Structure formats: structure tokens, C-alpha cells
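Coordinate inspection notes
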Amino acid sequence: MVPTDFKALIQRFYQLQSERVETYQLFDEGHEAYLRTGPHYDFDHYRQLVHEITLAFNGISKEVLDIKEKLHNEFDRPALSEHMDKLQSKEKQKLEMRGVKMLRLDASYSLERSTSGRSETAKLQLARQRAQDHPEDEDCQEQIQEIKQEIIKNKEALSEIMQDFKYDSEECD
């Protein structure tokens, strides 16, 4: 249950952001473990991990949206609500860049398929796998670096949004 006290809501929001960071770490560790199963990748276990990670992110996002609504409607803090909208959008983009869209893949998915139309994250994970499978392919390393740059830009935008949120949330203290 989301607390209704303003300071408690802000504190809970920060806790949820910490949970997101931990969930990303688990996801990254799981992907690294998946890559170690090559060349005959254990896709079934990886798909289960992606499913569990997605459930965790969905729960976090739902609670963040609940807090956003309370801040806007009960505490009349539309600026904080707007920061949370921006944050949710950037978090979604970050998640897509890191590969969670692979959750939607079914058992017949082939990692050798083209990545057109897939998220940047799925592209990054696929590029890492291709680079591992084909170390002589320099294009894979270049693609990985390009996607990593996009992830860095996203993290910078998230940091800026969080700074704005912190400043605006402390404004009335």
C-alpha cells in the first residue's frame, strides 16, 4: 500500500528507484550468465529471467504511477507529477535499450534474425551475442558502442530529471 503522507510518498519513490537499479543489476547479471551458456544458449532460462524481471519492473512502475497520481491530485504538486511522467518515459526507453523486449519472444525465436523493428536494448543484447559468436566481425563492436552511447545519454537525462524532482520536492520543506 502506498503511504499518503507527502514525505513518505517521496521516500517511497526513492526506494522504488533503488529497486529499479537493483533489478537492472540482476537483469545484467542474468544476461551475462546467458552469454556464458553459448554457443548453445540456454534461451529457456533466459526467457524466464526476462519474465521475472518484467514482472518486477511492472510492479515498480505501477506503484510509481500511483505515487504520481497522489502527488498531483492529493498534494497539488503537478511539477512533481510531470517529473515522474518524464522519468517513466525515460525509464521505459532505458529498459528497451537494455533488452527487456526480448520477453515477448516465443520459443521459436532465433537469435540470428534481423534486429529491425526491435528495441535498442534487444539490439544491444543481440549485438553482444553476435560479437561473442563472431569475434572477427568488427561491425558488432561498433554497433555495441553506438548503443552504449545512447544508454549513457539516457542515464544522463534520468539523472537530470531526478535532480529536478529532488529540488522541487524539497521546495516546500
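Residues numbered from 1 in each chain as written. Predicted model: local features only at pLDDT ≥ 70, side-chain atom pairs only at ≥ 80, totals over all residues. Heavy atoms only, no water.

Relative to the helices and strands, Lys68 resides in helix α2 (residues 43-73). On the accessibility criterion, Lys68 (10% relative accessible area) is buried. (Helix = DSSP H or I, 4+ residues; strand = E, 2+ residues; numbered from the N terminus. Buried < 20%, exposed > 50% of the residue type's maximum accessible area, 1.4 Å probe, protein only.)

Here we come to the packing of aromatic side chains. Per the stated rule, a full pass over the model turns up nine aromatic pairs. Plain terms: the ring middles of Phe27 and Tyr46 are 6.4 Å apart, the flat faces sit at 20° to each other, and that makes the pair stacked. A residue pair is termed long-range when its members are at least 10 positions apart, and Phe27 in helix α1 (residues 6-35) and Tyr46 in helix α2 qualify at 19 residues. Centroid distance Tyr34 to Phe43: 6.5 Å. Interplanar angle 65°. Geometry classified as edge-to-face. The same class applies to Tyr34 and to Phe43, which are both buried. Feature note: the residues Phe27, Tyr34, Tyr41, Phe43 and Tyr46 constitute an aromatic cluster, connected by ring pairs. (Phe/Tyr/Trp six-rings, centres within 6.5 Å; stacked < 30°, edge-to-face > 60°.)

The subject of this paragraph is the environment of Arg98. Positionally, Arg98 belongs in helix α3 (residues 78-98). Its relative accessible area of 13% is what places Arg98 among the buried residues. For the pair Arg98 and Ile147, spaced 49 residues apart in the sequence, the C-alpha separation amounts to 9.3 Å.

Further remarks concern the nonpolar core. In this structure, Phe13, Ile67, Leu71, Met84 and Phe165 are the most contacted members of the largest nonpolar core, which totals 16 residues. At the level of elements, α1, α2, α3 and α5 (138-170) are the ones that each hand at least two residues to this core. A total of five residues in this core trace back to one element, the largest contributor, which is α1. Tyr41, Phe43, Val50 and Phe57 belong to the second-largest nonpolar core, a separate cluster that totals 12 residues. (Core = buried A, V, L, I, M, F, W, Y, C linked by side-chain atoms within 4.5 Å.)

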